[in-house]
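# Fold and geometry: a report
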Amino acid sequence: MTVTTPAIDKALPPTPADSAESSDTEQAHLEIPVSKDNNSKEKRRSVVDSLRKLWTSEKSEKSEISEKPEKTKSSKKTYIVAASPPSTEITPAATRTPSTSSIPQSPVSLVEAEQSNEDEDDGISIPLPPTTIHPTKILDIDANTPDSHVARDPRMIRLTGAHPFNVEPPLTTLFDQGFLTPPELFYVRNHGAVPESKKPFTITFREILEQYQQVTVPITLVCAGNRRKEQNTVRKSQGFSWGPGGVSTALFTGPMLCDVLQKAKPTKKAKFLCMEGADELPNGNYGTSIKLSWAMTRERGIMLAHKMNGLPLTPDHGRPIRVVIPCQIGGRSVKWLKRLVITDKPSGNWYHKYDNRVLPTTITPEMSKKDDQPWEDERYAIYDLNVNSAVAYPQNDEVVKKVEKGYTFRGYAYTGGMKKISRVEVSLDKGQTWKLAKIDYPEDRYRETERTMYGGKVDMMTRDASYCWCFWEQEITMEELVNAEDVVVRAMDDGLSLQQRDMYWSVLGMMHNAWFRVAIRKEGDSIRFEHPTVPAQSGGGWMERVIKEGGDFSNGNWGEKLPNEADKPAKKPEEPKPEAVMTNPEITRIIELEELKAHSGKKEPWFVVEGQVYDGTPFLKEHPGGATSIINVAATDATDEFVGIHSESAKGMMPTYHIGTLSPAALSALLNPAAETPASVETPVTTEPIEITTPFLEPKTWKGLVLSAKRAISSDTKIFTFTLPSASQPLGLPVGQHLLMRIKNPVSGKFCIRAYTPLSTAETKGSVDVLVKLYQDGAMSKLLDKVEIGSEVGVKGPTGKFVYGGKGKYTLNGEEKRTERFNMICGGSGITPVLSVLRAAAEDEEDKTVVRLLDGNRTEEDILCRGLLAELEGKSVDTVSVLHTLSKPSEKWEGRQGRIDEELIRANAAEGAVWLVCGPPALEKEVKRVLGEMGVAETDVVFF
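Note that the coordinates shown come from a computational prediction; the quantities given were computed from them, not determined experimentally.

## Overview of the sheet that holds strand 33 (residues 606-609)
With mixed pairing, four strands are arranged side by side in an open sheet as 32-35-34-33. Of all the strands in the sheet, just strand 32 (590-591) and strand 33 have a single pairing partner and so form its edges. Relative to strand 35 (residues 658-662), strand 34 (residues 612-615) is paired through three bridges, and the arrangement is antiparallel. Paired with Y614 across the strands is H658, a residue of strand 35. Helix-sheet contacts for helix 17 (residues 664-671) involve strand 32, strand 33 and strand 35, and the interaxial angle to strand 35 is about 85 degrees.

## Let's talk about helix 19 (residues 831-842)
Counted at 1.5 Å a residue, the expected span for helix 19 with its twelve residues is 16 Å, and the 15 Å between its end C-alpha atoms agrees. When you tally the buried positions in helix 19, you get eleven out of twelve residues, the bulk of the element. Residues I831, T832, P833, V834, L835, S836, V837, L838, R839, A841 and A842 constitute the buried set of helix 19.

## Description of the side chain of T721
Tracing the chain through its elements places T721 in strand 37 (residues 717-723). Engagement of the side chain of T721 in a polar contact is seen with the side chain of D769, the distance being 2.7 Å.

## Re the confidence of the model for the chain
Here the chain averages 81 in pLDDT, and 80% of its residues register 70 or above. With pLDDT under 50 throughout, residues 1-110 is counted as low confidence; its partners more than four residues away or in other chains account for 238 contacts. Here residues 198-205 scores under 50 on pLDDT; set against residues more than four positions off or in separate chains, the count is 29 contacts.

## A look at the packing of aromatic side chains
In this structure the tally under the stated criterion is 26 aromatic pairs. Seen from their ring centres, Y187 and W242 are 5.8 Å apart, and the 80 degrees between their planes marks the pair as edge-to-face. Of this pair, Y187 sits in the loop between helix 3 (171-176) and strand 10 (188-189) while W242 sits in the loop between helix 5 (228-234) and strand 12 (247-255), placing them 55 residues apart in sequence. With a centroid separation of 5.6 Å and an interplanar angle of 90 degrees, the aromatic rings of F409 and F529 are classed as edge-to-face. With F409 in strand 22 (residues 406-414) and F529 in strand 31 (residues 526-530), the pair connects residues that are 120 residues apart, well separated along the chain.

## Some thoughts on the pattern of salt bridges
Applying the stated rule across the entire model yields 49 salt bridges. R528 is the salt-bridge partner of E530, the closest N and O atoms lying 3.4 Å from each other. Looking at R528, the relative accessible area reads 17%, which means it is buried. Between D862 and K773 there is a salt bridge, and its shortest N-O distance comes to 3.8 Å. One end of the pair, D862, is in the loop between strand 46 (850-857) and helix 20 (866-875); the other, K773, is in strand 40 (residues 767-773), and 89 residues separate them in sequence. In this pair, the class of D862 matches that of K773, namely buried. Overlapping salt bridges bring together D397, K430, E485, D486, R517, E523, R528, E530, R545, E549 and E560 as one network.

## What to know about unusual backbone geometry
Residues R319 and P320 are joined by a peptide bond in cis, for which omega reads 15 degrees. When you line up the elements, P320 lands in the loop between strand 17 (311-312) and strand 18 (322-324). With omega at 5 degrees, the peptide bond leading from G797 into P798 counts as cis. One can find P798 in strand 41 (residues 792-799). Phi at R227 takes a positive value of approximately 70 degrees, unusual for a residue other than glycine. Structurally, R227 is set in the loop between strand 11 (214-222) and helix 5.

What counts and what doesn't
- Positions within a chain are numbered from 1, following the residues in the order the chain's sequence is written.
- With the structure being a predicted model, the display of local features is reserved for residues of pLDDT at least 70 and the display and counting of side-chain atom pairs for 80 or more, all residues being used for whole-chain, interface and lining totals.
- Heavy atoms from the whole structure form the basis of all side-chain values; hydrogens and water molecules are not counted.
- For two strands to pair, DSSP has to find at least two bridges joining them.
- Runs of H or I in DSSP of at least four residues are treated as helices and runs of E of at least two as strands, each being numbered from the N terminus.
- A contact between two residues is defined here by any heavy atoms of the two lying within 4.5 Å.
- Axes here mean lines fitted to C-alpha atoms, for a helix over just the part in contact, with angles spanning 0 to 180 degrees between N-to-C directions.
- The span expected for a helix works out to 1.5 Å for each residue beyond the first.
- Relative accessibility under 20% of the residue-type maximum defines a buried residue, over 50% an exposed one, and the middle range a partly exposed one, all with a 1.4 Å probe and only protein chains included.
- Two N or O atoms form a polar contact when they lie within 3.5 Å of each other; inside protein one atom must be a possible hydrogen donor and the other a possible acceptor, and for residues adjacent in sequence the pair counts only when both atoms belong to side chains.
- As a per-residue quantity, pLDDT reports the predictor's confidence and falls between 0 and 100.
- Aromatic contacts are taken between Phe, Tyr and Trp rings whose centres are within 6.5 Å, Trp giving its six-membered ring; a plane angle under 30 degrees counts as stacked, one over 60 as edge-to-face, and the others as tilted.
- Whenever Lys or Arg places a side-chain nitrogen within 4 Å of a carboxyl oxygen from Asp or Glu, that contact is recorded as a salt bridge.

Pasting the structure below:
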C-alpha cells in the first residue's frame, strides 16, 4: 500500500528513499511495498509500520499458512489458507459435514467463522453469518479467463458473460440467506481481472491488534447499477443489466480508516481521500475518491476490512484488504487496496471520472461522447445511496391458486446517508391508497451489545447511523389480489426521501429506484406474478411483455393498456420501403448446377443470390473488399452475406452482372448438398484433448465459433473472445485480412453479416479476440452483444484484397508488391486492420519498414488499443510512430487537437509510401479526395 499525502504535517521527515521525491513535489511519500518480492525490513513511522503489518509478505516460500491467535489465547478453530493458485480454499481443521447440500458442486467445504475465547456471549441475540459453503472448484467458464485461480459459486447470475466477473445471486436465494450474506453469494462488481497473490500473506491477531482497534460492523453494500435492467428495457444505457440482486450485507472486520488517517495528520488544505486498487484495467488501476471529512468522521463507519463474516476476504471481494464505505454506492469501496492519497482535489482516475455518475436525463449517449464537461462536473458524481426497495416473494412467474387465502409479500429496502428506512408501503390500486408494511430491522440488534466478534469490537451501541438494509412483509388477501392488476411498493427514509413513481433514465443507467411493480396475471383458477425484469440477458418479466404487445411506457400505466384503450386498434405499421431490383428482366437464361460449378475458380467466378446467378468477373478489381470476397463465394449461394453486408445502392448495381436463374433442381441441390460420409466410417470417441494444426477458417464454408468471454474496455467497446475446437489450432488468417461473422436476427429471421479483423495475432492458437465498438444503431454490434457465453456465431474467411507478408512485401488483389513505408490513417474501431500490419512490422526485428499512423478520435476514451500502440512504438522507435488527434479533447489533453484533415495528411506524406486507410465513410471520403489531389496513385491506397 502506498500512502501519499500532499497535504501532510511535515513534523516527521521523509525517509532517505523518499527524500528526493519529497523535495521535488513537497510531499511526504510513505510507501509500503506489496509486490511479491517484498523483503524490506526498513522501519517507518507508526502509520507505515502498522500498515506494513497488515500487508507485508512472509519470506517463507510455503504455499500454505496458518492464521493463529496470540499464544496466550486459545482458539476454537484453526484455519488453513491455501493462498497459491489455482485454489483459494479456506477450510477449518475440524469441519462439520452437511447431511445435504442444494448446490450441485464438488468438492465443497463448509466453513464457520473463526471464534476465539475473547469473543464474548452476553446473552443478546444478534444475527450471525450463515454457514459458508465455500467453493473449491474452478468453474469451467472461468478456466480460460484471467480469473482461473478463483473458485466460485455456480448459482451466481453472470451479467457480463465469463469475464469480467459481474454477478448477482438469484433474488430469492439472496433473501433466504437472511440479514447477512455469505461471501459466495455476495454480489460482485469487477472491472477486470482479480489480482492474484503469488505469495501468501500472514495476518495474526498480534499484528492487526497492535496499533489499531479492530471493529466488526454489519454493512450493506449496493452496486449503483442495481435494478438497471429496468432502465435498459426502456432505453439501452451504457451499463449491463443488473436485476434487483446487486445488494448484499456482511459483517466486516478491520480498523476504522479514520484511525489510520489520523496518523498522517492531514492539514486543513486536504479535502479528498483518493483510493486505488491493484486491479489492472485498460485505463489504469481502478481508483476513486471521497471527501476526506467523511473518512475522518467515525460515525460514518468507513473502514479497512480484511475479514468478511469472520473469514479472510475472498479474492472476488478484495483480498487481502479493501475499503468499506457504508451508505454509499459499492463503487467507492475500493477492493484490493494498494494506494491512499490525501489531496486537495477529487481523484483524476479514469474510472472516477467516467463511472458512477447520474448525468442529466436530457444528455443522450451520443451527446455524452462528444462533450466531456458533464463527466468533469462533480455535481453528477454519485456517493450516497438513494432510497430503494424490491419484492423477493412472490418470485417472478410464481403461480398461486385462487383458492388460497392470500399471499404474504416480502422484500428488502435500503437507503443511504446513514439514514434509516422509516416506512414501506404497498398499494393494489396503482398508488391511490397504501398499506403500511411491517418492517424488521436486524441491524438494531447489534446496538444492544459491545461484544467482540471475529477479533473486532461490535461497534454499534453508540452509533445512531444506519448502515444496513431491512426486511418488510405485507399480507394481502386473495380477493384483493384477484381484483388488482398489480402490486406496487415504495419506501421512505427518516429524512423523508421517498421512492419516486417513475423512472429517471440516465446514460449510465445508475440509481434506478422507481416503485417496484409486480404485475398480476389471471390465468384460469390461478394468478401468476410478474416482476419487472429478469437479470442479465434472460427473458421474462412484465416489461418485456409490454414491449412485445406494443405498449407505451410513457402512457402513465407502465405501458399496460388503459381501460379506454382495450378496444383501440393496434397502430398501423409503416409501409416498408421498396427494395432495390437486383435482376435484369431481359435475362431469361436457366443455369444448371454443373454449369455453375464450372465457374468456381478465380478466372470467371459466378455466385448465387436468392436463386439468381451473377458473374463477378467484371468487378474483381473494383470490388471494395477485393477479388477474394468474390472468389470465396464462387459457385455457392451467397445470399446471406450479400444481403447482410451490402447497401441498397450496391444492390441496385446487380442487374449489370445478372446472367441467369438457377433451375429449381439446381437451387435445391446447392442449398441441400447430400451427405458424403460413408456409413461404415465411425468417429472414435475420446475424452482426450484434440490436437488440430490445420487452419480453422474456410473461405467458402460457414463454421461455428463458440463465444467464451466478453470484456468491456470502454463504455462502448468490448473484446469478444471465441474459442477454437483445439488449443493447438490456428485461426488461419493472414496479416491484413479479415473474417466474416454472421448472426441471425431473431426478429427478421435474416442474417446480419460484418467483416472483422481480429485483435489477436496470426500466431495465436486456440482462441481469437475480436474488438467491437457497440453503436446505438449498430445492427450487428447489438446482436453480437446479446450472444450468450457458450453460444456459437458463424464465421468464414479469410477475405480481403490486402495481405502483408513482412519486410515490406505485400500482395494487393493477388499482385505481389513491395514498399519501404506505410502511411496509415484510421478512426475509431478502424484501428484493427491497420494495427495487424503495424504489429507484424514492429514485432519483427528484421522488418525495417517505416510505419506512420494517424489515429483520429473524438475523446481520449475513444482511443482504442492505446497501450498496445504505445508499446509497439516504444519497441520500434526508429521505424514506428503514432500520432493521436482528438476532435473533442478535454482540457488535460496535451496532444494534437482537431480532425484528420488535409493539412495533417500532407504533413505526413512521403515519397513512395503505401497508404492503408480504415474509418468512418466521411473520413475515407476525405482521405480519398486529398490523396487524389496529391497525385497518389490509386494502386498505392488501400481502403479496408
